[in-house]
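Structural overview
Here is how the chains run, residue by residue.
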Amino acid sequence: MIGRLNHVAIAVPDLDAASAQYRTMLGADVGAPQDEPDHGVTVVFITLPNTKIELLYPLGDASPIQGFLDKNPSGGIHHICYEVDDILAARDHLLAEGARVLGGGEPKIGAHGKPVLFLHPKDFNGCLIELEQV
Ligand SMILES: C[C@@H](C(=O)O)C(=O)SCCNC(=O)CCNC(=O)[C@H](O)C(C)(C)COP(=O)(O)OP(=O)(O)OC[C@H]1O[C@@H](n2cnc3c(N)ncnc32)[C@H](O)[C@@H]1OP(=O)(O)O
Ligand SMILES: [Co+2]
């Protein structure tokens, strides 16, 4: 069911510093910050030849990444995103298998303008999973 790795997301305590570090120290192709108010984050995408890195910083007072950053003040890998062809079929399969689909199971439009869903990290070996329909 899952296909390519779309991105690995890293929550960061300082978005400008992290962007500059990837651009200058690692020589990466770093995009501009994008506010995603529906998701409570500001994101910066870094394009690698085979996948993307998503730098995440909290936006607003109810960001879903605030607790993670409080526990990991120097930042950390926050989620990985796998591509799926049909997000509703994927959701229904996961629910039937007993996984917890976050956000009431209703896809939201993600940073690439495509539907996304998140799966509870406690059901997947401590790893928060995002699914993106491509
Ligand atoms: C723009 C978009 C895109 O790419 O298109 C995005 O990516 S938006 C990216 C931001 N959006 C999201 O993350 C949406 C989905 N996330 C959520 O709904 C939430 O962040 C949860 C995953 C439910 C966690 O919520 P909250 O921080 O309130 O958790 P909590 O304090 O209740 O924590 C429950 C347990 O999960 C752990 N936990 C929390 N966040 C975790 C993470 N990212 N990876 C692994 N474990 C994690 C906590 O340490 C805790 O474990 P212990 O009990 O053992 O201490
Ligand atoms: Co993401």
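Residues numbered from 1 in each chain as written. Chains lettered and ligands numbered in written order. Predicted model: local features only at pLDDT ≥ 70, side-chain atom pairs only at ≥ 80, totals over all residues. Heavy atoms only, no water.

Moving on to the pattern of salt bridges. Summed over all chains, the structure comprises four salt bridges. D92 is the salt-bridge partner of R91, the closest N and O atoms lying 3.1 Å from each other. A relative accessible area of 41% means that D92 is categorised as partly exposed. The closest approach of N and O atoms between R100 and D123, which form a salt bridge, is 2.9 Å. Taken together, the positions of R100 in the loop between α3 (87–96) and β7 (108–109) and D123 in the loop between β8 (115–119) and β9 (128–133) put the pair 23 residues apart, joining distant regions of the chain. A residue is classified by how much of its surface remains accessible, and R100, at 42% relative accessible area, is partly exposed. Salt bridges sharing common partners tie together R91, D92 and E106. (Salt bridge = Lys/Arg side-chain N within 4 Å of Asp/Glu carboxyl O. Buried < 20%, exposed > 50% of the residue type's maximum accessible area, 1.4 Å probe, protein only. Helix = DSSP H or I, 4+ residues; strand = E, 2+ residues; numbered from the N terminus.)

Around the cobalt ion (ligand 2), the donor atoms from the protein are H7 (NE2), E54 (OE), H79 (NE2) and E130 (OE), and they sit 2.1 to 2.3 Å away. Given six donor atoms and angles of 74 to 171° at the metal, the environment of the cobalt ion (ligand 2) is assigned as octahedral. All donors of the cobalt ion (ligand 2) come from a single chain, and their spacing in sequence reads H-x46-E-x24-H-x50-E. Here E54 is found in strand β5 (residues 52–58), whereas its partner H79 is found in strand β6 (residues 76–84), with 25 residues between them in sequence. Taken as a pair, E54 and H79 share a single burial class, namely buried. (Donors = N, O, S within 2.8 Å, 3.2 Å for Na, K, Ca; no water. Tetrahedral: all angles 85-135°; square planar, octahedral: opposite > 155°, others 65-115°.)

On average, residues of the protein score 98 in pLDDT, and 100% of them reach the 70 mark or higher. Scored by ipTM, the complex comes to 0.98, with pTM at 0.98. (pLDDT = per-residue confidence, 0-100.)

Per the counting criterion, the structure on display carries zero disulfides. Cysteine C81 is unpaired, with the sulfur of C127 as its nearest cysteine sulfur at 11 Å. Classification of C81 by relative accessible area gives buried; the value is 0%. (Disulfide = S-S within 2.5 Å.)

Before going further, it helps to examine the nonpolar core. Grouped together as the largest cluster of nonpolar side chains are 23 residues, with contacts concentrated most on Y22, I46, L55 and L131. Secondary-structure elements contributing two or more residues to this core are β1 (5–11), α1 (15–25), β4 (41–47), β5, β6, α3, β8 and β9. A11, V41, L56 and I65 belong to the second-largest nonpolar core, a separate cluster that totals eight residues. (Core = buried A, V, L, I, M, F, W, Y, C linked by side-chain atoms within 4.5 Å.)

Relative to the elements of secondary structure, Q21 occurs in helix α1. Along the primary structure Q21 and N50 are separated by 29 residues, whereas in three dimensions their C-alpha atoms are 20 Å apart.

Moving on to α3. Three- or four-residue spacings in an α-helix give side chains the same orientation, since the helix completes a turn every 3.6 residues. When we look at burial in α3, the residues that qualify are I87, A90, R91 and L94. Summarising the axial view, the buried residues of α3 lie within an arc of 100°, below the 170-degree limit, and thus occupy one face. On its buried face, α3 is in contact with β6, β8 and β9. Two residues or fewer after α3 comes G98, characterised by a positive phi angle close to 95°. (Arc of directions from axis to C-beta. Contact = heavy atoms within 4.5 Å.)

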